[in-house]
Amino acid sequence: MFVGIILHDTIVTAISAHQDAICVPGVLTNASAVRLRLLTIPGICDGTKDIVCYNCNTLRVCLGTELGQETMVACPGNTPYCNYGTSSDRCSTVPIPNVCDTGALDSPLTCSAVGILPDAGNCQIYHGCIRVGQSSSIYTCPAGYVFNAALELCAIQNVFSKCVTMQCATNYVGHVRYGLTQKFYGFCDGTSTQPLVFRCPNRASFAFIDGSAFGECIYLCPGQGNYANSNNPATYFQCFWANRRLRYNLVNCPTGLVFNTLLRYCV
């Protein structure tokens, strides 16, 4: 079980009194494989609707209830997906949830950090990671909700909680911002339009290096000593005074050990 669920519950409890419970955790999706996509949607001409979805990209126009009394119409490029409606199905910019979502949007990512990560291309899902280097678990937001980077939860989509995605320009190598947040960012390797997703540790903020396409997470030391790296328990921040300023090194624990936040060394 992903420990972030406990975190979700705590956050929701803390903020619900102020935001009328408009923020909710996503629903855990099977993360070990791309969601099952139906080759044929069970939409039949039974007199209930004039138009039904035949598959993810094709409408069936019902001319009667007998087999063969229908016309197939492919959805156009500006509204490529067939989606359900109350009295009639229709072509839409949004695919049928959990059925016709593209594989790329529903694929787990390789975890770059422990905790919550947004999806670069789909603001209606996010990823939960329990170990660096492993595949993520996918959490899906309810209809009308999007991932909120500040709360790390699903929030009602509005002017205060917008749909945020990241994309790489052709042949671009460097970092990209995730909206206005300083917590999440992406890296473009010049070969794909989909960036790799990263997050800064607690007490760190992402900032671009002046005059560069690259940036870094800048950690703010709370004092002198050793402090946990929330992104990776096998590392820690070693903070020290130098030239009247608190500075830090990121230190790796010996192989097989993790940083103990009470003892403040690797065990």
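Residues numbered from 1 in each chain as written. Predicted model: local features only at pLDDT ≥ 70, side-chain atom pairs only at ≥ 80, totals over all residues. Heavy atoms only, no water.

Caption draft 1: Structural context of the pairing of strand β3 (residues 51–55). Here β3 runs beside strand β4 (residues 58–62); their pairing, made up of four bridges, is antiparallel. Paired with V52 across the strands is R60, a residue of β4. Connecting β3 to the antiparallel partner β4 that follows it, the hairpin turn spans two residues. (Pairing = 2+ DSSP bridges. Helix = DSSP H or I, 4+ residues; strand = E, 2+ residues; numbered from the N terminus.)

Caption draft 2: Molecular detail of the side chain of H175. By secondary structure assignment, the location of H175 is in strand β13 (residues 173–177). Residue classification places H175 among the buried positions, given a relative accessible area of 12%. Reaching out from H175, the side chain makes a polar contact with the backbone nitrogen of G215 at a distance of 2.8 Å. Residues in contact with H175, not counting those within four places in the same chain, are Y185, G186, F187, F206, F208, A213, F214 and G215. (Buried < 20%, exposed > 50% of the residue type's maximum accessible area, 1.4 Å probe, protein only. Polar contact = N/O pair within 3.5 Å; in protein donor to acceptor, adjacent residues only side chain to side chain. Contact = heavy atoms within 4.5 Å.)

Caption draft 3: Expanded view of unusual backbone geometry. Phi is positive for E152, which is not a glycine, with a value near 55 degrees. Mapped onto the secondary structure, E152 falls in the loop between β11 (145–148) and β12 (153–156).

Caption draft 4: Here's a closer look at the packing of aromatic side chains. For the coordinates displayed, the defined rule picks out 12 aromatic pairs. Measuring from centroid to centroid gives 5.3 Å for Y126 and F147, while their planes differ by 35 degrees, and the two rings are tilted. Here Y126, found in strand β9 (residues 125–129), pairs with F147, found in strand β11; they are 21 residues apart in sequence, far enough to count as distant. One aromatic cluster is present, formed by Y126, Y139, F147, Y178 and F184 through successive ring pairs. (Phe/Tyr/Trp six-rings, centres within 6.5 Å; stacked < 30°, edge-to-face > 60°.)

Caption draft 5: Broad picture of the state of the cysteines. Applying the stated criterion across every chain, the model contains 10 disulfides. Disulfide pairing places C75 opposite C91 at an S-S distance of 2.2 Å. Here the S-S torsion is close to -85 degrees, and the disulfide linking C75 with C91 is therefore left-handed. Residue C75 is located in the loop between β5 (70–74) and β6 (81–83), and its partner C91 is located in strand β7 (residues 90–92); the two are separated by 16 residues in the primary sequence. Judged by its relative accessible area of 13%, C75 is buried. Overall, C91 belongs to the partly exposed group, its relative accessible area being 21%. (Disulfide = S-S within 2.5 Å.)

Caption draft 6: Geometry of the nonpolar core. Counting 21 residues, the largest nonpolar core has L117, Y126, F147, M166, Y178, F184 and V197 as the members making the most contacts within it. If you list the elements that add at least two residues to this core, you get β8 (115–118), β9, β11 and β14 (184–189). If sequence neighbours within four positions are ignored, L117 has contacts with L109, S112, Y126, H127, C129, F184, V197, F198 and R199. C200, A204, F206 and Y227 belong to the second largest nonpolar core, which has 10 residues in total. (Core = buried A, V, L, I, M, F, W, Y, C linked by side-chain atoms within 4.5 Å.)

Caption draft 7: Structural detail: a nonpolar patch on the surface. Among the surface-exposed residues, V258, L262, L263, Y265 and V267 lie close enough to one another that they form a single nonpolar patch of about 500 Å² accessible area. Relative to the helices and strands, L262 is located in the loop between β21 (259–260) and β22 (265–266). (Patch = residues over 30% accessible without salt bridge, like charges linked within 9 Å, V, L, I, M, F, W, Y side chains within 5 Å. Areas by Shrake-Rupley, 256 points an atom, 1.4 Å probe, with all protein chains shown as cover. Salt bridge = Lys/Arg side-chain N within 4 Å of Asp/Glu carboxyl O.)

Caption draft 8: Highlighting the pattern of salt bridges. Using the criterion set out here, one finds three salt bridges in the structure. A salt bridge links E152 to K183; the shortest N-O distance between them is 3.0 Å. Of this pair, E152 sits in the loop between β11 and β12 while K183 sits in the loop between β13 and β14, and the two are 31 residues apart along the sequence. Taking the shortest distance from any N to any O, the salt bridge between R199 and E152 comes out at 3.0 Å. Here E152 lies in the loop between β11 and β12 and R199 lies in strand β15 (residues 196–199), a separation of 47 residues in the sequence. Exposure remark for R199: the relative accessible area of 8% places this residue in the buried category.

Caption draft 9: Region of the structure containing the sheet that holds β8. Taken in spatial order, the four strands make up an open sheet running β2-β10-β9-β8, and their pairing is antiparallel. What marks the edges here is a single partner per strand, and that holds for β2 (27–29) and β8. Each strand axis lies, on average, 35 degrees off the axis of its neighbour in the sheet, ignoring direction. (Axes fitted to C-alpha atoms, helices over the stretch in contact; angles between N-to-C directions.)

Caption draft 10: Up close: the pairing of β9. Of all five residues in β9, five are buried; the element is thus mostly enclosed. Burial along β9 is two-sided: the face carrying I125, H127 and C129 and the face carrying Y126 and G128 are both buried. As paired elements, β8 and β9 share four bridges and run antiparallel to each other. Note on β9: the bridge partner recorded for G115 is C129.

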